[in-house]
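# Notes for the structure review
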Amino acid sequence: MLNPERIPIGKLKQAYGLNERDIQRLLSALPPDGTFPDTLWRNAYKSFWFGPLESYLSGYRIGTLFKPSKLDFLLFPEIAIQHDDYFYISKLEEQIIVLFMSLSGILISNILQDGINYIFEEIYDDCNDIFRNEREILFNKISEEDKNYDIKFRTCENISQLLETMDWKRHAIPHKYFTFLSSVFIDSIIVNKSAAVRYIFECGYPLRREVKGISKAILERITASVAQNAPVHDIVSSADLPSTPELPPIFVPSELWQGKTPQAVRDGMKQEGYADPVIAHVLFTWCKLKNKKRIGILLGDNPDQDESAHRRRANNLLDEARTLTISSA
């Protein structure tokens with residue numbers, strides 16, 4: 001769940017009917033500490049892709065993804081902010097899409113799609129119909145190559161063979177299938193809600209539709225500050241100042257979850273002292289237990305609650321897990 005003081009560009013587009021030029025002007029007008037270009041992609045990487053990636057690589061006795069390594073290209077990109085903020089955003093966009101294309105050379109379609117679905121759910125209202133055809137074509141093609149390269153991956157004996165097979169699979173998926181992700185990246189940029197809404201209001205754009213996070217009541221509250229003539233830079237709240245350092249990663253040994261039933265995973269992880277959000281993440285992401293009602297029952301206090309209560313419990317735990325770095329050891 002995003003900080004309520006922030007909002008993705010995609011929701012602003014839907015609310016105000018913004019075009020690409022409008023968005024470029026908005027991003028240029030906002031202060032650097034009110035723009036967060038990689039938040040959703042970093043969350044998807046941590047919550048959906050990094051754990052399965054490390055678990056998969058451990059089967060080849062390659063070890064984990066730490067620098068220096070021949071597998072550095074599978075790590076999330078870290079780019080220093082430049083004086084030209086828009087250049088920084090463009091560079092980050094390029095590297096994140098390259099990362100996703102690289103991940104498609106090793107991770108299976110369902111795992112990749114879980115992370116993309118999370119991003120879409122955060123940035124769009126009614127996300128099912130947005131780039132629907134493009135997503136279906138891409139993930140169907142990845143799924144097809146998963147089958148084509150399954151035996152080749154299972155017969156890799158060293159890192160060189162693995163890298164070669166990854167490269168073959170990656171290039172079997174035409175580049176054109178990934179191009180829609182450039183638009184998705186721009187829409188996924190998180191901005192300070194108050195600063196963005198005030199700038200849009202001052203430019204004279206009317207609210208065309210309410211979306212999650214921007215209602216008429218919220219709009220009236222934010223735009224009331226215009227009468228006070230406060231600069232846009234002053235709108236940035238303390239919630240958008242640099243946060244405290246991230247917590248260290250949480251490692252979950254594969255023997256606690258691989259090939260086990262959900263109940264056995266829960267019992268074993270609880271016995272080892274893992275918190276419920278971590279267990280929920282392992283069940284949902286690694287064990288492929290997509291039934292959130294069942295996750296809620298497994299990790300809840302009252303199995304007799306109604307279905308919606310169990311789903312809320314699961315969603316809350318998974319939201320909390322997204323703030324953590326969880327890896328397979």
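These notes cover the structure that comes with them. (Residues numbered from 1 in each chain as written. Predicted model: local features only at pLDDT ≥ 70, side-chain atom pairs only at ≥ 80, totals over all residues. Heavy atoms only, no water.)

## Considering the pattern of salt bridges
What the rule picks out here adds up to 18 salt bridges. The salt bridge involving Arg42 is made with Asp38; its shortest N-O contact spans 2.8 Å. Owing to a relative accessible area of 18%, Arg42 belongs among the buried residues under this scheme. Owing to a relative accessible area of 13%, Asp38 belongs among the buried residues under this scheme. What emerges from the salt-bridge pattern is a single network uniting Asp38, Arg42 and Glu78. (Salt bridge = Lys/Arg side-chain N within 4 Å of Asp/Glu carboxyl O. Buried < 20%, exposed > 50% of the residue type's maximum accessible area, 1.4 Å probe, protein only.)

## So, the sheet that holds strand S3 (residues 190–192)
Taking strand neighbours across the sheet as the criterion, the three strands line up as S1-S3-S2 in an open arrangement whose pairing is antiparallel. Sheet topology places strand S1 (6–8) and strand S2 (35–36) at the edges, where each strand pairs with a single neighbour. Alignment of S2 against S3, held across two bridges, turns out to be antiparallel. Its bridge partner being in S3, Phe36 is matched across the sheet by Ile190. Sheet strands in contact with helix H9 (residues 193–202) are S1 and S3, and its direction is about 80 degrees off that of S3. (Pairing = 2+ DSSP bridges. Helix = DSSP H or I, 4+ residues; strand = E, 2+ residues; numbered from the N terminus. Contact = heavy atoms within 4.5 Å. Axes fitted to C-alpha atoms, helices over the stretch in contact; angles between N-to-C directions.)

## Points about the nonpolar core
In this structure, Leu12, Trp41, Trp49 and Val252 are the most contacted members of the largest nonpolar core, which totals 95 residues. Sequence-distant contacts of Leu12, that is, excluding residues within four places in its chain, are made with Ile7, Gly17, Leu18, Leu26, Val191, Ala196, Val197, Ile200 and Ile214. (Core = buried A, V, L, I, M, F, W, Y, C linked by side-chain atoms within 4.5 Å.)

## Considering unusual backbone geometry
One non-glycine residue, Phe131, lies in positive phi territory at about 50 degrees. Tracing the sequence through the fold places Phe131 in the loop between helix H5 (109–123) and helix H6 (132–154). If you check the backbone angles, Lys288 has positive phi at about 60 degrees while not being a glycine. In this structure, Lys288 sits in the loop between helix H12 (276–286) and helix H13 (292–298).

## Some thoughts on the packing of helix H11 (residues 262–271) against H12
Two elements in contact, H11 and H12, have axes separated by 10 Å at closest approach and are oriented at 150 degrees. If you check the angle between H11 and H12, you find them roughly antiparallel. For the element pair H11 and H12, the recorded crossing hand is right-handed. From H11, Pro262, Val265, Arg266, Met269 and Lys270 reach across to H12, where they touch Asp276, Val278, Ile279, Val282 and Leu283. Residues that form the contact of H11 with H12 fall into these classes: seven nonpolar, no polar and three charged. (Parallel < 35°, antiparallel > 145°, perpendicular 65-115°, else oblique. Left-handed = near helix turned anticlockwise from the far one by under 90°. Nonpolar A, V, L, I, M, F, W, Y, C, P; charged D, E, K, R; others polar.)

## Looking at the side chain of Asp276
By secondary structure assignment, the location of Asp276 is in helix H12. Side-chain polar atoms of Asp276 contact the side chain of Arg313, separated by 2.8 Å. Other than its neighbours up to four places away in sequence, Asp276 contacts Lys270, Leu299, Arg313 and Leu317. (Polar contact = N/O pair within 3.5 Å; in protein donor to acceptor, adjacent residues only side chain to side chain.)

## Quick word on the packing of helix H3 (residues 39–58) against H5
Look at H3 against H5: their axes get within 9 Å of each other, and the N-to-C directions meet at 160 degrees. Judged by the inter-axis angle, H3 sits roughly antiparallel to H5. Between H3 and H5 lies a crossing whose hand is right-handed. The residues of H5 that touch H3, namely those facing Leu40, Trp41, Asn43, Ala44, Phe48, Trp49 and Pro52, are Ile111, Leu112, Asp114, Gly115, Ile116, Tyr118, Ile119, Glu122 and Ile123.

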